[in-house]
Amino acid sequence: MTTLLLAQTAAAEGVARSASILVKLDSIWPEVALFLATCVVMVVGLSPRLAIRRWSAPIAGVGLVAAGILAWWSPETAGPLPHLLPYAKMMIAGVGLLLLLLVAGTVDRTEEGLIASGRIPFNPLRTNRAEFYAFVLFSLTGAMLCASADDLIWLFLALELTSLPTYIMVTISQGGRAGARAQEAGVKYFFLGALGAAVFLFGFALLYGATGTTKLPEMAAFFADHSIEASPIGLLGMILAVLGVGFKIAAVPMHLYTPDVYEGAASPVSAFLAFVPKTAGFIAIILLVSTAGWVHGAGHSLPEPVRLTLWIMAFLTMTWGNVLALLQTSVKRILAYSSIAHAGYMLVGVIAGPQGTSITTNGLAAVLFYLLAYGVMNIGAFGVLACLERTGPDGEVREVETIDDLRGLCATHPALGWTMVLCAASLLGLPPLLGFWAKVPLFTSAISAGEIPLVVVLGLNSAIAAFYYLRLVAYPLLEQPEGAAPLPRPTPFVSRALASILAAAGVVVLAIAGNALMDASRRAAEAPPAGQVTPHADSQHP
């Protein structure tokens, strides 16, 4: 009889594991589509024929469209935020399509010209088109996998899959003399990234030691029964995990790489860095902090040490980013410090937490909507820089970079000039543009959570940011081009201009018709009632 009972128990556990695997497989079909597209791109991009190599970008685009469609049908998952997966993956796929348009011509421009002129033969070891588009897709796949994560090991691998390709993208993004600066930026990015990964991995190890599990749903159930404040190891692990993941979102104290890396990389790659790792990082932070004991809809109950850590990070991040942005003359460094500041803004929403059922009171919903808005606005601003170039005294083609390069842009290149005006104004939060409607829920959710001092800091920082954002508006709109300097000319890559103009249209259109996206972000941030977080069927509560 005992043997029969053991056999029945083993059979039941096997069926439960099989069911769990099938559920997990259903949730990662978008990533499977991107992986298949990546495999095809890596082969097509190495073809000796230019006509075939040019199919790399369209194939990557088809993969992203397929991933977005599959994300629409993604099932809900167990855990603190069961509705997060479809919204996050569709957002990554949508903004990823704009980024794909923007990165055209980032690598192999010189080599392709020499090959086309017959001066050098095609050499697959010297061309990087296949690898570059593969890295783009791998990084987007990692960001999507973060949304699928229900396990610390899964989350670690997803975060690293998001980041590792970007180290190489930065390094190979520029050629000529600018290539040395890109390589220096890549080295800085890599070593500081290794430090960030070590910190949050150590935090993950401590969380496992405190709870006896790596499963996020089980961890949430454990902390629901045993307060994280009663576990010094768990509390330290959560704080270290949040600090380490802060590298992905460019938050203080893990922000130091940001201005140098953004300046050293090509503008399309800088735009990529400002959205993809940041999105993966915020998804990871939301998933981690959601396990710490929020009482959904009943006032925030974040453990005070975790809340205080996030509070200090938000205060320092938004203040440091905005104040140092005032001192910059390079547009890329301005946008880099702006990226730091926006990370601080979104941390306010994380602190506010899931207070209510509307986006105006649910801080997590506000963060998810803000990520989408920031991605669109940021692509427009960086896209303008990616669309303009000039030939230097040494004959090399270089991107425009300083704020003086934007003088009179609305008169010389109206489409690009107005794109910068609209996107910079939206990044500022000027009504009625998209940035305004994205920033308001951060204020209202923080007020609902009683975080009045942080709301005051957020308001003051928004006022500080007005100075440098209005410079990005005034120079193209009100200034005249300098007579002695040659005017920048558009790049030959039409898709870059298309991405920039679509982003500018997005800050207007999405502001008018953004209610559906706000509702989607609100649903994505919904959580089961307190105490009803369901662990996986294939595991036991510690």
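Right, let's walk through the structure included here. In this text the structure is predicted, and so the values were computed from the model without any measurement.

### Considering the overall build of the chain
Here's step 1: Scanning the chain from N- to C-terminus turns up 22 helices and three strands.
Here's step 2: Burial status across the chain gives 57% buried among its 542 residues.
Here's step 3: Here the contacts in the chain between residues at least 6 apart in sequence split such that 79% fall between residues at least 24 apart.
Here's step 4: A total accessible area of about 20,500 Å² is found for the chain, and carbon and sulfur atoms account for 70% of it.

### What about a nonpolar patch on the surface?
Here's step 1: On the surface, a nonpolar cluster with roughly 650 Å² of combined accessible area is contributed by Val65, Ile69, Trp72, Trp73, Met90 and Leu97.
Here's step 2: Breaking the nonpolar patch down by element, the ones donating at least two residues are helix 4 (56-72) and helix 5 (84-102).
Here's step 3: Top element by residues in the nonpolar patch is helix 4. It accounts for three residues.
Here's step 4: Secondary-structure assignment places isoleucine 69 in helix 4.

### Regarding the pairing of strand 1 (residues 388-391)
Here's step 1: Pairing of strand 1 with strand 3 (residues 489-490) involves two bridges; the strand directions are antiparallel. Bridge assignment links leucine 388 to a residue of strand 3, and that residue is proline 490.
Here's step 2: Both strand 1 and strand 2 (residues 397-399) contribute to a ladder of three bridges, which runs antiparallel. Note on strand 2: the bridge partner recorded for glutamate 389 is glutamate 399.

### Topic: helix 11 (residues 232-249)
Here's step 1: With 18 residues, helix 11 extends 26 Å from end C-alpha to end C-alpha; this agrees with the ideal 26 Å at 1.5 Å per step.
Here's step 2: Extensive coverage of helix 11 is indicated by the burial of 13 of its 18 residues.
Here's step 3: Positive phi appears at alanine 250, one or two residues downstream of helix 11, with a value of about 60°.

### Concerning the side chain of glutamate 160
Here's step 1: In this structure, glutamate 160 sits in helix 8 (residues 152-171).
Here's step 2: Apart from residues lying up to four places away in sequence, glutamate 160 is in contact with Pro165, Ala197, Phe200 and Lys248.

### Observations concerning the packing of helix 8 against helix 13 (residues 267-290)
Here's step 1: Close contact between helix 8 and helix 13 brings their axes to 11 Å; oriented N to C, the two are set at 170°. Between helix 8 and helix 13, the angle is such that the two are roughly antiparallel. Where helix 8 abuts helix 13, its residues Leu152, Leu155, Leu159, Thr162, Thr166, Met169 and Val170 lie against Val269, Phe272, Leu273, Val276, Pro277, Ala280, Gly281, Ala284 and Leu288.
Here's step 2: Partitioning the contact of helix 8 with helix 13 into residue classes produces 13 nonpolar, three polar and no charged.

### Considering the packing of helix 11 against helix 14 (residues 304-325)
Here's step 1: Close contact between helix 11 and helix 14 brings their axes to 10 Å; oriented N to C, the two are set at 20°. Overall, the two elements helix 11 and helix 14 adopt an arrangement that is roughly parallel. Every pair of crossing elements has a handedness; the one defined by helix 11 and helix 14 is right-handed. Residue-level contacts link Leu235, Met238, Ile239, Val242, Leu243 and Gly246 of helix 11 to Pro305, Val306, Thr309, Leu310 and Met313 of helix 14.
Here's step 2: Partitioning the contact of helix 11 with helix 14 into residue classes produces nine nonpolar, two polar and no charged.

### A word on unusual backbone geometry
Here's step 1: Residues valine 252 and proline 253 are joined by a peptide bond in cis, for which omega reads 10°.
Here's step 2: Mapped onto the elements, proline 253 comes out in the loop between helix 11 and helix 12 (258-264).
Here's step 3: With an omega dihedral of 5°, the bond running from proline 431 to proline 432 counts as a cis peptide bond.
Here's step 4: Relative to the elements of secondary structure, proline 432 occurs in the loop between helix 18 (414-428) and helix 19 (434-448).

Cut-off values and rules
Residues numbered from 1 in each chain as written. Predicted model: local features only at pLDDT ≥ 70, side-chain atom pairs only at ≥ 80, totals over all residues. Heavy atoms only, no water. Helix = DSSP H or I, 4+ residues; strand = E, 2+ residues; numbered from the N terminus. Buried < 20%, exposed > 50% of the residue type's maximum accessible area, 1.4 Å probe, protein only. Contact = heavy atoms within 4.5 Å. Areas by Shrake-Rupley, 256 points an atom, 1.4 Å probe, with all protein chains shown as cover. Patch = residues over 30% accessible without salt bridge, like charges linked within 9 Å, V, L, I, M, F, W, Y side chains within 5 Å. Salt bridge = Lys/Arg side-chain N within 4 Å of Asp/Glu carboxyl O. Pairing = 2+ DSSP bridges. Expected span 1.5 Å × (residues − 1). Axes fitted to C-alpha atoms, helices over the stretch in contact; angles between N-to-C directions. Parallel < 35°, antiparallel > 145°, perpendicular 65-115°, else oblique. Nonpolar A, V, L, I, M, F, W, Y, C, P; charged D, E, K, R; others polar. Left-handed = near helix turned anticlockwise from the far one by under 90°.

Just distances and angles here, no functional claims.
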